Amino acid sequence: MIVVKVGGSEGIDYDAFCADIAQLVKAGKQLIVVHGGSSQTNAVAEALGHPPQFVTSPSGYTSRLTDRKTLEIFEMVYCGKMNKMIVEKLQALGVNAVGLSGIDGGLWRGKRKSAIRVVENGRKRIIRNNFTGKVEAVNTDLLTMLLEGGYVPVLTPPAISYENEAINVDGDRAAGATAIALKANTLVILSNVPGVLKNFPDEESLITDVPSSQIDHVSEHYAEGRMRIKLLGSKEAIEGGVGRVILGDARQADCVSTALAGKGTTIS
Ligand code: ADP
């Protein structure tokens, strides 16, 4: 079982991604796709007059500030535009893909964090009415039923809280939780960079291997912003029993197979 997360940042080639997924499915691989949608969400939020806002936690992780209106825009793009685009492309390639958000069938369940601590200009403050959280439980029965029926699940945030509210969760960590729950041997996380770069944005400075004991060191010394969350998700996945995590590049043909062949940053 392989869980493949494809990001939502600029430059990702979704045609190439879907073509490669189709090829792997036809070769008999059992796959689950998880996707993002951040850059499109930012564009739609701007167009709707509710520009995106990002906050940084005291431990240095950045995330999207998610009030109810942001959550609705987020759903329009992630569950609507992005999810249906990927499912449509896979269907056209002969893959019986089924798109689901973490809300559907209570697929991704977690605790809502309605008040979050953030750091602004060096000062800490608390923001309320926030709709974010973290995936704590995965409905594996639903996924197993789909996989056994020959369907390829295409999953996207948001998740759902214990009080049945939609919550924005990080896609990389949700993919990690899914890989753990399904006892996947490999988690592939594709984005618009070749992997973790020692001197971001110098693409020649790729770190090819990170032993799990070094994840924190690499995160602290080389990763900024969103890459830190990918490394956190990778660490959680490895600690949860996933054999290896590969951070690879989704801007090229055969992006999934290339990553599976070990090109990118391999964490094990
Ligand atoms: P996606 O939305 O595709 O999942 P993200 O934007 O969340 O991707 O994360 C990837 C981004 O992480 C890169 O586009 C880059 O701007 C940033 N980044 C920060 N530090 C690094 C690093 N050391 N190596 C690679 N990328 C990094």
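Here is a short report on the structure shown in this document. (Residues numbered from 1 in each chain as written. Predicted model: local features only at pLDDT ≥ 70, side-chain atom pairs only at ≥ 80, totals over all residues. Heavy atoms only, no water.)

**Here we look at the sheet that holds strand 2 (residues 31–35)**
The 8 strands lie next to each other as 5-10-2-1-13-15-16-14, forming an open sheet whose pairing is mixed. In the strand order of this sheet, the two ends are held by strand 5 (97–101) and strand 14 (209–210), each with one partner. The sheet contact formed by strand 1 (residues 2–6) and strand 2 spans 5 bridges and is parallel. Following the sheet pairing, V6 is matched in strand 2 by H35. In the packing of helix 3 (residues 68–92) onto the sheet, contacts are made with strand 1, strand 2, strand 5 and strand 10 (152–156), and the angle to strand 5 comes to roughly 165°. Across the face of the sheet, helix 5 (residues 171–181) comes into contact with strand 1, strand 2, strand 10 and strand 13 (186–191) while running at roughly 175° to strand 1. (Pairing = 2+ DSSP bridges. Helix = DSSP H or I, 4+ residues; strand = E, 2+ residues; numbered from the N terminus. Contact = heavy atoms within 4.5 Å. Axes fitted to C-alpha atoms, helices over the stretch in contact; angles between N-to-C directions.)

**Details of helix 4 (residues 140–148)**
The complete set of buried residues in helix 4 reads L142, L143, L146 and L147. Along helix 4, the residues classed as buried sweep out an arc of 130° about the axis, all on the same side. Exposed side chains of helix 4 directed beyond 90 degrees from the buried face belong to D141, M145 and E148. Where helix 4 begins, the side chain of N139 points an oxygen toward the backbone nitrogen of D141, at a separation of 3.3 Å. After helix 4 finishes, the residue G150 shows a positive phi value of roughly 90°. (Buried < 20%, exposed > 50% of the residue type's maximum accessible area, 1.4 Å probe, protein only. Arc of directions from axis to C-beta. Polar contact = N/O pair within 3.5 Å; in protein donor to acceptor, adjacent residues only side chain to side chain.)

**Quick notes on a positive patch on the surface**
On the surface, a cluster of positive charge is made up of K111, K113, R117, K124 and K134. Tracing the backbone shows K113 in strand 6 (residues 108–113). (Patch = residues over 30% accessible without salt bridge, like charges linked within 9 Å, V, L, I, M, F, W, Y side chains within 5 Å. Areas by Shrake-Rupley, 256 points an atom, 1.4 Å probe, with all protein chains shown as cover. Salt bridge = Lys/Arg side-chain N within 4 Å of Asp/Glu carboxyl O. Lys, Arg positive; Asp, Glu negative; His and termini not counted. Charge placed at Lys NZ, Arg CZ, Asp CG, Glu CD.)

**Considerations on the site of the ligand**
In the vicinity of the ligand lie 19 residues, with S9, N192, L197, R226 and K230 positioned nearest. A distance of 3.4 Å is found between an oxygen atom of the ligand and a side-chain nitrogen or oxygen belonging to K5. Measuring from a nitrogen atom of the ligand, one finds a backbone N or O atom of E224 at 3.0 Å. Protein coverage of the free-state accessible area of the ligand, which is 570 Å², stands at 89%. At 3 residues, helix 7 (residues 225–239) tops the list of elements feeding residues into the shell around the ligand. Of the residues in the shell around the ligand, the class split is 8 nonpolar, 7 polar and 4 charged. (Near = heavy atom within 4 Å. Nonpolar A, V, L, I, M, F, W, Y, C, P; charged D, E, K, R; others polar.)

**Digging into unusual backbone geometry**
Cis geometry marks the peptide bond from P157 to P158; its omega dihedral reads 5°. Tracing the backbone shows P158 in the loop between strand 10 and strand 11 (159–161). For the bond running from F200 to P201, omega is 5°, close enough to zero to count as cis. Its location among the elements puts P201 in the loop between strand 13 and strand 14. One non-glycine residue, N121, lies in positive phi territory at about 50°. Here N121 shows up in the loop between strand 7 (116–120) and strand 8 (123–127). N121 sits in the exposed class, given a relative accessible area of 81%. The phi dihedral of D254 is positive, around 55°, even though this residue is not glycine.

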